[in-house]
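In case you want the letters, here they are:
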Amino acid sequence: MTASAAVTSRPLSSGGRLRGRVRVPGDKSISHRALLLGAIAEGTTTIEGLLPAEDPLSTAACLRAMGVTVSPIEVGLTVRVEGVGLDGLQEPNNVLDCGNSGTTMRLMLGLLAGRVGRHFVLTGDASLRGRPMRRVGQPLETMGACIGGRDRANLAPLAIEGRPLRGGVIGTPVASAQVKSAILLAGLTAEGTTTVIEPSRSRDHSERMLRAFGADLEVRGELGRHVHLSPGPALRGQEVVVPGDISSAAFWLVAGSVLPGSELVVENVGLNPTRMGVLQVLRAMGADITVQRERLVAGEPVADLLVRHAPLEACRIGSDLIPSLVDEIPVLAVAACCARGQSRIEGAAELRVKETDRLAVMSRQLERLGARVEERPDGLLIEGGVPLRGAGLDSETDHRVAMSLAVAALVASGESRLERSEAAAVSYPGFWTDLDRLLC
Ligand code: S3P
């Protein structure tokens, strides 16, 4: 099912408190990468905790269409990927459908650009076909890639003619892990070393996992902004354990903070240092979050997070922090509505090219609840402490908007209703069940 297939309107609860324990599903970014690297490795990769949601299913479907055996992806099942080796992906006999998943499309562009003599076409749902892909295509073209599509190869459907690639030094204009990862995947089969230099460091799951699979990769430079990859070593299948997604945990961290009487533990949350912005900001706002049972699981730091209700103060989020919490801004906007004082989010223009224009959509939807939000070209100004009242809401097909609005509705007086609530399944299919269970 894609996010747009079945349209579900759902009543949203208001009031109550959250108690108990919740285990959020596997990290979406790590899940995509485990499937992709497993596919081009030699031997079998097993993936425990893979996110069984629509986005990783899109990646798996594309890989299967290119001859990779991926076992069924279901809650609680360890997934097996039978790797076909670096050059083993077959030309598919149909278009590859990336669904709603920007990560699938952008990483596939990098993965497929160097498959010499093979032809691929990538498409997706209406949201994905409107998202900019040139940011990946342009650097890949400097490596020798041949990519065509609408709006000067910016918009899917995109056609890739596999070509021999060469490495080089590539500076990316935006700190985007999707762009960086696409270039690194292309670099695996390029001639010579590929160096990616980012304006600031984006999430580093690709670097960690490429190294774990045996790639020759080094991270250097000030704050780890330079990543060097030399082709050569074959990747070897691994046993990957996927931690819970901090981006999914963020909904519970905010809900637990803003609902009086709440106390809950979010278990098994990945605390990769490049993803910690949401914790940093919530704590600066006064949230009561304790890190428990910190441990290392398959090279990624993991912990349980205990969150208790606490009054929040306004926050300031500037461009330096954005890459470390880019997906959490919708729910942080909800936290800001409940905080004392005026919050300011700046340098967040990237949100305009996510699954929806999240600055516009969040302002529009929060205003329906009575929030005072001013949309800026690159951010939001939010006046906290204005009482919210229940309203008719719409996810506008965006999974993170759907779940953020569910949190906002909890603190509003009176019932709300959410159109297109099914969008949550893109990253967190059990969200509504978990919410019903935790709410008392
Ligand atoms: C992702 C990177 C982020 C994020 C997206 C997943 C990834 O996008 O918003 O949900 O897995 O690499 P950008 O890297 O384009 O900011």
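Residues numbered from 1 in each chain as written. Predicted model: local features only at pLDDT ≥ 70, side-chain atom pairs only at ≥ 80, totals over all residues. Heavy atoms only, no water.

Moving on, we come to the site of the ligand. Taken together, the neighbourhood of the ligand is formed by K28, S29, R33, T103, S176, A177, Q178, R203, V326, D327 and K354. A distance of 2.9 Å separates an oxygen atom of the ligand from a polar atom in the side chain of S176. One nitrogen or oxygen atom from the main chain of A177 is found 2.7 Å from an oxygen atom belonging to the ligand. Bound to the protein, the ligand loses 95% of the 380 Å² it would expose on its own. At the level of elements, α1 (28–40) and α6 (177–187) are the ones that each hand at least two residues to the shell around the ligand. At three residues, the largest contribution of residues to the shell around the ligand is made by α1. Here the residues of the shell around the ligand are counted per class, giving two nonpolar, four polar and five charged. Both domain 1 (9–26 + 244–438) and domain 2 (28–233) contribute no fewer than three residues apiece to the shell around the ligand. (Near = heavy atom within 4 Å. Polar contact = N/O pair within 3.5 Å; in protein donor to acceptor, adjacent residues only side chain to side chain. Areas by Shrake-Rupley, 256 points an atom, 1.4 Å probe, with all protein chains shown as cover. Helix = DSSP H or I, 4+ residues; strand = E, 2+ residues; numbered from the N terminus. Nonpolar A, V, L, I, M, F, W, Y, C, P; charged D, E, K, R; others polar. Domains from an automatic or database assignment.)

Turning to the domain arrangement of the protein, a few remarks are in order. For the protein, the domain assignment lists domain 1 (9–26 + 244–438) and domain 2 (28–233). In this structure, domain 1 and domain 2 have C-alpha centres spaced 28 Å apart. Each partner contributes to the interface: domain 1 provides 24 residues, whereas domain 2 provides 25 residues. Buried area between domain 1 and domain 2, both sides added, is near 1,900 Å², and the carbon and sulfur share of it is 46%. Across the contact surface, domain 1 and domain 2 share three salt bridges. Its salt-bridge partner being E350, residue R135 comes within 2.9 Å of it at the nearest N-O pair. Summed over the shared surface of domain 1 and domain 2, the number is 13 residue pairs in polar contact (both at pLDDT 80 or more). Of the residues belonging to the side of domain 1 that touches domain 2, the class tally is ten nonpolar, six polar and eight charged. (Contact = heavy atoms within 4.5 Å. Buried area = accessible area lost by both parts, 1.4 Å probe. Salt bridge = Lys/Arg side-chain N within 4 Å of Asp/Glu carboxyl O.)

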